[in-house]
Amino acid sequence: MIKFEKRNYFYKIYTWLPIIVLFVSVLNEFDFNYLNIDYFSFNFPLILIFYFTLKEYNKFDYLLVFIAGLINDTVVGLPLGVSSFSYILVCIFASYLRNITIRPHLIKDWFYFLFVISLINSINYSVLFLFFTYDLDIMFYIVNNFFTFLLFIPISFILSY
C-alpha cells in the first residue's frame, strides 16, 4: 500500500478524489449511442454517492453532492433541483443503512441499493411527468435501474481497491 505524507499534494488530491470523480461524471454525461446499443444506460453518480456515503468517507460532503446535482441538472437539461434532491435522498438512505448496520455485507447493501435507486427513479419519473409534463419513456428508467443495479458490485470492487 502506498503511504502518503499528510502535507503532500498527492495526498490532498487522493483524499479529494471521490468528489473530483463525482464532478467529472456529472459534467461528462456520456452515452453509448455511438455504439448503436439501444437500451444500455446506468447512473454512475448514484453508485458513487451510495458507495462513499455508505463507507463514511471523510471528504464526501453532502453540500458538494447537492452542487453536483445542480450541475447535472444544468448539463442534462432538467429542472434545477431534481437531481440534487435525488442525490441527497441517496445520501440519506445510505447514511441510514450505515448507522443501522452492525456487520456490513455487500449483497445486503446491493439489494438495499436496488430499493433506493428504484425509489429514486420512480420519484424522478413522477415529478418530471406530473409536474413538469415531460414526455418520458418508462423503459429508459427500467433499463437504467437494471444496469445501475448490476454494475454496483463491480464498481464497488474497483472503488474499494
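Position numbers for residues start from 1 in each chain and track the written sequence from start to end. Note on the predicted model: pLDDT of at least 70 is required for a residue's local features to be given, and 80 or more for side-chain atom pairs to be given and counted; whole-chain, interface and lining totals, by contrast, use all residues. Remark: hydrogens and water are excluded; side-chain values derive from all non-hydrogen atoms of the structure.

1. With respect to the overall build of the protein chain
Defined as follows: Only DSSP runs of H or I with at least four residues qualify as helices, and only runs of E with at least two residues qualify as strands; both kinds are numbered from the N terminus onward. Burial classes follow relative accessibility: with a 1.4 Å probe on protein chains only, a residue under 20% of its type's maximum area counts as buried, one over 50% as exposed, and anything between as partly exposed. In these tables, accessible area is a Shrake-Rupley quantity obtained with a 1.4 Å probe, and a residue counts as shielded only by the protein chains included in the view.
Per the secondary structure count, the protein chain includes eight helices and zero strands. Each helix and strand of the protein chain, placed in order from N terminus to C terminus, yields the pattern α-α-α-α-α-α-α-α. Split into buried and exposed, the 161 residues of the protein chain put 37% on the buried side. Accessible area for the protein chain stands at about 10,400 Å²; split by element, carbon and sulfur atoms hold 67% of it.

2. Let's talk about the environment of phenylalanine 44
Rules: The contact definition used throughout considers only heavy atoms, calling two residues in contact when any of these lie within 4.5 Å.
When you line up the elements, phenylalanine 44 lands in helix α3 (residues 44-54). Here phenylalanine 44 falls in the buried class, since its relative accessible area comes to 16%. Each C-alpha atom of the pair phenylalanine 44 and phenylalanine 152 lies 8.8 Å from the other, and the pair is 108 residues apart in sequence. Once residues lying within four places of it in the same chain are set aside, the contact partners of phenylalanine 44 are Val21, Ser25 and Ile155.

3. Here we look at the packing of helix α2 (residues 17-27) against α3
Pairs of packed helices are described in terms of their axes, by the angle between the two and the distance that separates them. Stated precisely, the cut-off is as follows: Here the axes come from fitting lines to C-alpha atoms, over the contacting stretch only for helices, and the angles between their N-to-C directions go from 0 to 180 degrees. Should an angle fall under 35 degrees it is called roughly parallel, over 145 degrees roughly antiparallel, and 65 to 115 degrees roughly perpendicular, with every other angle called oblique. Two helices cross in a left-handed way if the nearer one is turned anticlockwise from the farther one by less than a right angle. They cross in a right-handed way if the turn is clockwise.
Taken N-terminus to C-terminus, the directions of α2 and α3 make an angle of 160°; their axes are 9 Å apart at the nearest point. The angle between α2 and α3 falls in the class roughly antiparallel. Our pair here, α2 against α3, has a crossing hand that is left-handed. Listed contacts from α3 to Pro18, Val21, Leu22, Ser25 and Val26 of α2 are Phe44, Pro45, Leu48, Ile49 and Phe52.

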